[in-house]
Amino acid sequence: METLLGRPADYRMLSPLDLAFVGDGVFDLLCREQLLQKGSCPVKKLHRRKTGLVNCQAQARALEQLRPVLTEEEWAVALRGRNAHVGHVPKNASAADYHGATALEALFGWLYLSGELSRVRELFGLVMEAAGDPAAERGA
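S.K.: I keep staring at the overall build of the protein and nothing clicks. Help me out?
M.R.: A tally of regular secondary structure across the protein gives six helices and zero strands. Counted from the first residue to the last, the protein has its helices and strands arranged as α-α-α-α-α-α. Here the protein holds 140 residues, and 42% of them are scored as buried. Residue pairs at least 24 apart in sequence account for 70% of intrachain contacts in the protein once pairs closer than 6 positions are excluded. Here the protein has roughly 8000 Å² of accessible surface; of this, 54% comes from carbon and sulfur atoms.

S.K.: Please clarify how the side chain of Thr-102 should be interpreted in this entry.
M.R.: Structurally, Thr-102 can be placed in helix H5 (residues 95–113). On the accessibility criterion, Thr-102 (5% relative accessible area) is buried. A distance of 2.9 Å separates a polar side-chain atom of Thr-102 from the backbone oxygen of Tyr-98. Non-local contacts of Thr-102, meaning those with residues more than four positions away in its chain, are made with Leu-17, Ala-20, Gly-81 and Val-86.

S.K.: I keep staring at the packing of aromatic side chains and nothing clicks. Help me out?
M.R.: Centre distance and the angle of the planes are the two values used to describe a pair of aromatic rings. Going through the model one piece at a time under the given rule, you end up with two aromatic pairs. Centroid distance Phe-27 to Phe-108: 5.3 Å. Interplanar angle 85 degrees. Geometry classified as edge-to-face. Taken together, the residues span a long stretch of sequence, with Phe-27 in helix H1 (residues 16–37) and Phe-108 in helix H5 at a distance of 81 residues. Across this residue pair, the class does not change: Phe-27 and Phe-108 are buried. Each ring, one from Phe-27 and one from Phe-124, has its centre 5.6 Å from the other, and the planes form 75 degrees; the classification is edge-to-face. Here Phe-27 is found in helix H1, whereas its partner Phe-124 is found in helix H6 (residues 117–130), with 97 residues between them in sequence. On the basis of relative accessibility, which here comes to 2%, the residue Phe-27 falls in the buried class.

S.K.: Help me understand the nonpolar core, please; the structure alone is not making it clear to me.
M.R.: What tends to happen in soluble globular proteins is that the nonpolar side chains get buried as a cluster. Counting residues in each nonpolar core, the largest one holds 33 residues, and the members touching the most others are Phe-27 and Phe-108. Contact partners of Phe-108, with chain neighbours within four places excluded, come to Gly-23, Val-26, Phe-27, Leu-30, Leu-66, Val-120, Leu-123 and Phe-124.

S.K.: Would you take a moment to explain the pattern of salt bridges for this structure?
M.R.: Between side chains of opposite charge, a pair can form as their charged atoms come close. With the rule as written, the count across this model stands at three salt bridges. Among the salt bridges present, the one from Arg-32 reaches Asp-28, with a minimum N-O distance of 2.5 Å. Within this pair, Arg-32 and its partner Asp-28 are both found in helix H1, separated by four residues, close to a single helical turn. For Arg-119, the salt bridge is made with Glu-74, and the minimal N-O distance between the two is 2.7 Å. Pair noted here: Arg-119 is in helix H6 and Glu-74 is in helix H4 (residues 72–82), with a separation of 45 residues, a long-range link. Judged by relative accessible area, Glu-74 falls into the buried class, the value being 5%.

Cut-offs and rules
- Residues numbered from 1 in each chain as written.
- Predicted model: local features only at pLDDT ≥ 70, side-chain atom pairs only at ≥ 80, totals over all residues.
- Heavy atoms only, no water.
- Helix = DSSP H or I, 4+ residues; strand = E, 2+ residues; numbered from the N terminus.
- Buried < 20%, exposed > 50% of the residue type's maximum accessible area, 1.4 Å probe, protein only.
- Contact = heavy atoms within 4.5 Å.
- Areas by Shrake-Rupley, 256 points an atom, 1.4 Å probe, with all protein chains shown as cover.
- Polar contact = N/O pair within 3.5 Å; in protein donor to acceptor, adjacent residues only side chain to side chain.
- Phe/Tyr/Trp six-rings, centres within 6.5 Å; stacked < 30°, edge-to-face > 60°.
- Core = buried A, V, L, I, M, F, W, Y, C linked by side-chain atoms within 4.5 Å.
- Salt bridge = Lys/Arg side-chain N within 4 Å of Asp/Glu carboxyl O.

Encoded structure:
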């Protein structure tokens with residue numbers, strides 16, 4: 001398993017919300033790195049662009065776009081995330097989008113903790129291509 005800390009973790013014992021907690025950070029970091037590859041610009045502009053990629057609506061849409069290429073096991077993890085009892089839904093998001101975003105984050109968290117970084121990069125690249133990101137072809 002390859003993670004930033006390089007410590008083993010039993011990711012199978014984590015709840016889908018725990019996986020989403022990690023996946024949120026993974027997806028956010030990938031988006032930030034992708035934006036910086038396009039070139040430097042003021043931080044406020046970078047943040048605004050990032051929030052266009054890291055929000056409930058965009059993440060729920062990304063999950064639906066990835067669905068055809070996910071393995072059965074990956075889809076099962078995403079479904080666990082989508083069906084998790086989140087406790088609250090932000091005012092600026094629909095429940096469906098929030099659950100879809102949680103599903104995508106759970107998937108990215110699970111892949112990351114499983115050491116499947118190449119798959120994380122592959123799926124993120126597909127998300128960026130679908131979002132119309134010209135830098136996606138250069139890799140995440």
